[in-house]
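# Inside the fold
Given next are the chains, with one letter for each unit.
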Amino acid sequence: MRLGSRYAVRRRRALTDAAHPAAGDILKYLARGDAVRRDLRDLVATLPPPVVLLGHSLGGVICLDTLISGRLPGVELLVTVGSQGPFLYETGALPSLVHPDPLPGHVPPWLNLYDRRDLLGHAAEPLFPGRAHDVATDSRQPFPVAHSAYWSDPAVYRALAERLP
């Protein structure tokens, strides 16, 4: 522990700089996400139905959070890919829904894709049984590459094709 601590303390600035872009984005959203949710609502209002909201990583958190916070007419499917939404909900950090409150009835069917090797992608079905449907994929890539490898995985496209309206 001392050796690891000494290493981290000496390299604090480099480690913080390396973690900042990803962690900074999600922390900023969690603290000040109202404008992003409003922009998504405004965009969806301009689209003809049926609308499918598809978000990867933080985009999935934003889509889920926006849908929970109020009905979005025309949205017939939510697709999250490598999303931290379930984790944020389970830890009490999702802005729009307090654990263990259930998913509101106005949230459309939810397809959640996650790669078991992606440490940032989480299963939703155990937290929202009957409301979220998980598809576990395997890009065969190590983390952190697995977090972006969904888009080269044919299983992702098969799961989408099966569920698109």
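Relevant structure appears above.
As a starting point, this report considers the structure included with it. (Residues numbered from 1 in each chain as written. Predicted model: local features only at pLDDT ≥ 70, side-chain atom pairs only at ≥ 80, totals over all residues. Heavy atoms only, no water.)

### A look at the nonpolar core
Ranked by size, the top nonpolar core spans 26 residues in total, and within it L53, L94, L103, W110 and F128 carry the most contacts. Listed by contribution, the elements that provide at least two residues to this core are helix 2 (12-32), helix 3 (34-45), strand 1 (51-56), helix 4 (58-69), strand 2 (75-81) and helix 5 (85-90). By size, the runner-up hydrophobic cluster in this structure holds 11 residues, among which are V79, V81, L111 and Y150. (Core = buried A, V, L, I, M, F, W, Y, C linked by side-chain atoms within 4.5 Å. Buried < 20%, exposed > 50% of the residue type's maximum accessible area, 1.4 Å probe, protein only. Helix = DSSP H or I, 4+ residues; strand = E, 2+ residues; numbered from the N terminus.)

### Some thoughts on helix 3
Spanning 12 residues, helix 3 covers 17 Å between terminal C-alpha atoms, matching the ideal 16 Å at 1.5 Å per step. Residues of helix 3 that are buried include every one of R37, L40 and V44, and no others. Along the long axis of helix 3, the arc covered by the buried residues comes to 60°, so they all point the same way. Facing away from the buried side of helix 3 by over 90 degrees, the exposed positions are D34 and A45. (Expected span 1.5 Å × (residues − 1). Arc of directions from axis to C-beta.)

### Quick look at unusual backbone geometry
Cis geometry marks the peptide bond from P49 to P50, where omega comes out at 0°. Here P50 lies in the loop between helix 3 and strand 1. A cis amide bond links H99 to the next residue, P100, at an omega of 10°. Within the secondary structure, P100 is located in the loop between helix 5 and strand 3 (110-115). For S57, which is not glycine, the phi dihedral falls at a positive 60°. Within the secondary structure, S57 sits in the loop between strand 1 and helix 4. Note on S57: relative accessible area 15%, which makes it buried. With a phi close to 65°, R140 is a non-glycine residue in the positive phi region.

### Here we look at the sheet that holds strand 3
The four strands are arranged 1-2-3-4 in an open sheet whose pairing can be described as parallel. The open sheet has two edge strands with one neighbour each: strand 1 and strand 4 (132-137). Neighbour-to-neighbour, the strand axes of the sheet open up by a mean angle of 15°, direction not taken into account. Direction of pairing for strand 2 relative to strand 3: parallel, over a ladder of four bridges. Paired with V81 across the strands is L113, a residue of strand 3. In the packing of helix 4 onto the sheet, the strands contacted are strand 1, strand 2 and strand 3, and the crossing angle to strand 1 comes to about 135°. (Pairing = 2+ DSSP bridges. Axes fitted to C-alpha atoms, helices over the stretch in contact; angles between N-to-C directions. Contact = heavy atoms within 4.5 Å.)

### Some words on the pattern of salt bridges
Between side chains of opposite charge, a pair can form when the charged atoms approach closely. Throughout the structure, instances matching the rule amount to four salt bridges. The closest approach of N and O atoms between R117 and D138, which form a salt bridge, is 2.8 Å. On the criterion of sequence distance, the pair formed by R117 in the loop between strand 3 and strand 4 and D138 in the loop between strand 4 and helix 6 (154-163) is long-range, its members being 21 residues apart. With relative accessibility at 39%, the residue R117 sits in the partly exposed group. The partly exposed category is assigned to D138, whose relative accessible area is 33%. Between E162 and R163 there is a salt bridge, and its shortest N-O distance comes to 3.3 Å. Relative accessible area serves as the criterion here: at 28%, R163 is assigned to the partly exposed category. (Salt bridge = Lys/Arg side-chain N within 4 Å of Asp/Glu carboxyl O.)

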